[in-house]
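Fold and geometry: a report
Each chain, written out:
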Amino acid sequence: MSLLPALLLFLHLLAAAFWVGGMATMHFAVRPAAVARLEPPLRLPFMAAALSRFFVGVSTAIGVLLASGLLLVWAAGGFARVHWSVHAMFTLGLVMMALFLHLRFAPYPRLLRAVAAGQWPVAAANLNLIRKLVATNLALGVLVFALAVVGRAL
């Protein structure tokens, strides 16, 4: 492998690890700790702020994933020449991106508006929807990693 494909693969894996690892951290550590320690008037603004910072990183990671992934496919000779697992990873990645865009531009703005207005039940409902979408994306992300590791053996 030459240097450019190796660098592209490094960036691709780094972005994927940030996104999937970040979802795992938010889902299994940050949210449960916030629920255990903070009442809704503190927890919901905290989670909205944490998501705001995380979403900036996810948006960057998505750009890196798309660019590096497509460049790697192009370097391999295009989609007609890559293993079926690459097609599966690309498809799942697009589904994950669509889910992220939905949660980023639908329930997340509703969460922010409800937090600003002190409407804790509305904010909690939107945060719960975000939690479910993140859990779905996390499962898809783990599947993508599994395909990346064992896909060629199948």
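In short, a report on the structure. Given the structure is predicted, the values throughout are model-derived calculations rather than measurements. (Residues numbered from 1 in each chain as written. Predicted model: local features only at pLDDT ≥ 70, side-chain atom pairs only at ≥ 80, totals over all residues. Heavy atoms only, no water.)

1. Looking at the overall build of the chain
Looking only at helices and strands, one finds 5 helices and 0 strands in the chain. Taken from the N to the C terminus, the helices and strands of the chain come in the order α-α-α-α-α. By principal-axis analysis of the C-alpha atoms, the chain measures approximately 55 × 25 × 25 Å. Counting the 154 residues in the chain, one finds 38% classified as buried. Considering only intrachain contacts with a sequence separation of at least 6, the fraction spanning at least 24 residues in the chain is 77%. Carbon and sulfur atoms provide 73% of the accessible area of the chain, an area that totals close to 8,600 Å². (Helix = DSSP H or I, 4+ residues; strand = E, 2+ residues; numbered from the N terminus. Buried < 20%, exposed > 50% of the residue type's maximum accessible area, 1.4 Å probe, protein only. Contact = heavy atoms within 4.5 Å. Areas by Shrake-Rupley, 256 points an atom, 1.4 Å probe, with all protein chains shown as cover.)

2. Here we look at the packing of helix 3 (residues 84–105) against helix 4 (residues 107–117)
It is the contact of helix 3 with helix 4, at a shortest axis distance of 3 Å, that shows an interaxial angle of 25°. When the axes of helix 3 and helix 4 are compared, the pair comes out roughly parallel. Residues His102, Leu103, Arg104 and Phe105 of helix 3 lie in contact with helix 4, whose contacting residues are Pro107, Tyr108 and Pro109. Taken together, the residues of the contact of helix 3 with helix 4 sort by class into 5 nonpolar, 1 polar and 1 charged. (Axes fitted to C-alpha atoms, helices over the stretch in contact; angles between N-to-C directions. Parallel < 35°, antiparallel > 145°, perpendicular 65-115°, else oblique. Nonpolar A, V, L, I, M, F, W, Y, C, P; charged D, E, K, R; others polar.)

3. A word on the layout of surface pockets
Reported here for the largest pocket is a volume of approximately 830 Å³. What lines the largest pocket is a set of 31 residues, among which Leu9, His12, Leu72, Val86 and Met89 lie closest to the centre. In terms of residue count, helix 3 provides more of the lining of the largest pocket than any other element does, 8 residues in total. (1 Å grid on protein atoms, 1.4 Å probe; cavity = no way out; pocket = protein on both sides within 12 Å on 5 of 7 lines; lining within 4 Å. Points joined across faces, edges and corners; volume = space filled by probe spheres on them.)

4. Remarks on the side chain of Ser68
Within the secondary structure, Ser68 sits in helix 2 (residues 40–75). For Ser68, the side chain forms a polar contact with the main-chain oxygen of Val64, separated by 2.6 Å. What Ser68 contacts, discounting residues up to four positions off in sequence, is Leu8 and His12. (Polar contact = N/O pair within 3.5 Å; in protein donor to acceptor, adjacent residues only side chain to side chain.)

5. Section: the packing of aromatic side chains
One pass over the full model with this rule turns up 6 aromatic pairs. Note on Phe18 and Phe54: the rings are 5.8 Å apart at their centroids and 40° apart in plane angle, and the pair reads as tilted. Placement of the pair is Phe18 in helix 1 (residues 3–37) and Phe54 in helix 2, with a sequence separation of 36 residues. A relative accessible area of 40% means that Phe18 is categorised as partly exposed. The buried category is assigned to Phe54, whose relative accessible area is 11%. Arranged with centres 6.4 Å apart and planes meeting at 75°, the rings of Trp19 and Phe100 form a pair that is edge-to-face. On the criterion of sequence distance, the pair formed by Trp19 in helix 1 and Phe100 in helix 3 is long-range, its members being 81 residues apart. Through successive ring pairs, a cluster of aromatic residues spans Phe18, Trp19, Phe54, Phe55, Phe100 and Tyr108. Positioned above the aromatic ring of Phe105 is the side chain of Arg104, whose terminal nitrogen or guanidinium carbon lies 4.9 Å from the ring centre. (Phe/Tyr/Trp six-rings, centres within 6.5 Å; stacked < 30°, edge-to-face > 60°. Lys NZ or Arg CZ within 6 Å of the ring centre and 35° of its normal.)

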